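Chain residues, written in single-letter form:
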Amino acid sequence: MSNEHASCVFCGEFVLHIPGWASSVPSYRLMRATWQEDHAFVVGSLHFSCLRASPARSEFAAEFAQIATGHGREITYQAAGETQTLIQPGLGYVEQIFRGDECAIHRSDTRDSWLVQEYAGPWYVLDRPQLEDIAQGKQPRLDPGVERIVLPREPMANLADATLPELLDSLGVTDRYPGLAAGEPEYEFWKYFAPKRVLEYAVIATPPLPTEAAAFLRDYAPGYQPIDLDALERDEPRS
């Protein structure tokens, strides 16, 4: 990850990726900043707290939903005085299974994966292990694996022994992760490469799902039918 992409697209401060509290929009998503006059593409990381607080949160959520709940679409934009056309890929969460006051939940039509998106913008991807936990009355845990990121400056002393709150405090971004303690995150230091300030770490956390989403999924999870992969393969068009 580059230094440029480690800064929040809304506040400009450093983003430490923690599942449920921060995420990123990669360049290949071709997401447009429809709230800006030039409709520039959005690329980079963001704190979910900054997204909720942004005046552009509704436009961001609407544009993200267009990508997340489809199989792709054609988009046009102006560059160098000419109209360019690209295919914006979709994430395939096409089946809406819940719509409430705060969020909507969509299911993928090709795999056992669910997208919970707040109308204020933040989103959470739940896969089969998380739904199985919910069905058993447990809190779902998100485990993205080992993250690798470039720190904005020389880190605190004893970085290998620091707790997650201590790390966030040393980076000056604690206030960008409100309510993080409620997620009981498990933080593990892996490696630090000093010449390039590259930190490798892992965080497992309970996402702060909207109350209505958690309530719906508790009822839904025990009875959901897994995707039939054999049926999908039979239905695929042959060339």
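What you see is a predicted model, and the numbers here were worked out from it, not measured in a lab.

Conventions we followed
Residues numbered from 1 in each chain as written. Predicted model: local features only at pLDDT ≥ 70, side-chain atom pairs only at ≥ 80, totals over all residues. Heavy atoms only, no water. Pairing = 2+ DSSP bridges. Helix = DSSP H or I, 4+ residues; strand = E, 2+ residues; numbered from the N terminus. Axes fitted to C-alpha atoms, helices over the stretch in contact; angles between N-to-C directions. 1 Å grid on protein atoms, 1.4 Å probe; cavity = no way out; pocket = protein on both sides within 12 Å on 5 of 7 lines; lining within 4 Å. Points joined across faces, edges and corners; volume = space filled by probe spheres on them. Nonpolar A, V, L, I, M, F, W, Y, C, P; charged D, E, K, R; others polar. Contact = heavy atoms within 4.5 Å. Salt bridge = Lys/Arg side-chain N within 4 Å of Asp/Glu carboxyl O. Phe/Tyr/Trp six-rings, centres within 6.5 Å; stacked < 30°, edge-to-face > 60°. Core = buried A, V, L, I, M, F, W, Y, C linked by side-chain atoms within 4.5 Å. Buried < 20%, exposed > 50% of the residue type's maximum accessible area, 1.4 Å probe, protein only.

(A) The arrangement of the sheet that holds strand E9 (residues 146-150) in detail. The antiparallel open sheet is built from three strands, whose spatial order is E9-E11-E10. Edge positions in the sheet fall to E9 and strand E10 (186-193), since each has one partner strand and no second. Within this sheet the neighbouring strands show an average axis-to-axis angle of 25 degrees, counted without direction. Relative to strand E11 (residues 198-204), E9 is paired through five bridges, and the arrangement is antiparallel. Within E11, the position partnered with Glu147 by the bridge is Tyr201.

(B) Looking closely at the layout of surface pockets. By volume, the largest pocket amounts to about 670 Å³. Around the largest pocket, the lining is made up of 26 residues, and of these Ala22, Ser23, Ser24, Trp123 and Val125 lie nearest the centre. Of all elements in the fold, only strand E1 (22-25), helix H2 (57-68) and strand E8 (123-127) reach the threshold of two or more residues within the lining of the largest pocket. Tallied by class, residues from the lining of the largest pocket come to 17 nonpolar, four polar and five charged. Of the pockets and cavities examined, the second largest pocket occupies roughly 220 Å³. In terms of lining residues, the second largest pocket is bounded by 14 residues, among which Gln139, Pro140, Leu209, Ala214 and Arg218 are the most central. Looking at the lining of the second largest pocket element by element, the count peaks at four residues for helix H5 (residues 211-220). By residue class, the composition of the lining of the second largest pocket is eight nonpolar, four polar and two charged.

(C) Summary view of the sheet that holds strand E6 (residues 103-107). Strands sit in the order E5-E6-E7-E8 across an open sheet of four strands; the sheet is antiparallel. For this open sheet the edge positions go to strand E5 (95-99) and E8, each flanked by a neighbour on one side alone. For this sheet the average axis-to-axis angle between neighbouring strands, irrespective of direction, equals 20 degrees. For E6 and strand E7 (residues 113-118), the ladder comprises five bridges, and the chain directions are antiparallel. Of the residues in E7, the one forming a bridge with His106 is Leu115. The strands that helix H3 (residues 128-135) touches are E7 and E8; relative to E8, the one it contacts most, it runs at about 85 degrees. Contacts from H5 reach E5, E6, E7 and E8 within the one sheet, and its direction differs from that of E6 by about 35 degrees.

(D) Just the pattern of salt bridges, in detail. In the structure shown here, the tally under the stated rule is nine salt bridges. For Glu118, the salt bridge is made with Arg52, and the minimal N-O distance between the two is 2.8 Å. Taken as a pair, Glu118 in strand E7 and Arg52 in helix H1 (residues 48-53) lie far apart in primary sequence, 66 residues in all. Connected via shared salt-bridge partners are Arg107, Asp112, Arg128 and Glu132.

(E) Region of interest: the packing of aromatic side chains. Taken as a whole and judged by the stated rule, the model has twelve aromatic pairs. Grouping aromatic residues by their ring pairs yields a cluster made of Phe10, Trp35, Phe48, Phe60, Phe64, Trp123 and Tyr124.

(F) The nonpolar core, seen in detail. In this structure, Leu16, Ile18, Val116, Tyr177, Leu199 and Leu217 are the most contacted members of the largest nonpolar core, which totals 56 residues. Beyond its immediate chain neighbours, meaning those up to four positions away, Tyr177 contacts Val15, Leu16, Ile18, Trp21, Ala22, His47 and Leu168.

(G) Region of interest: the environment of Glu184. Structurally, the position occupied by Glu184 is in the loop between helix H4 (164-171) and E10. Residues Glu184 and Arg141 lie 43 residues apart in sequence; the distance between their C-alpha atoms is 9.8 Å. In contact with Glu184, not counting residues within four places along its chain, are Arg141 and Ile204.

(H) How the structure looks around the environment of Cys8. In this fold, Cys8 is placed in the segment before E1. Each C-alpha atom, one on Cys8 and one on Ala22, is 9.2 Å from the other, the two residues being 14 residues apart in sequence. Not counting residues within four places of it along the chain, the set of residues in contact with Cys8 comprises Glu13, Val15, Ser45, Leu46, His47 and Cys50.

Remember that the coordinates give geometry; whether it matters functionally is a separate question.
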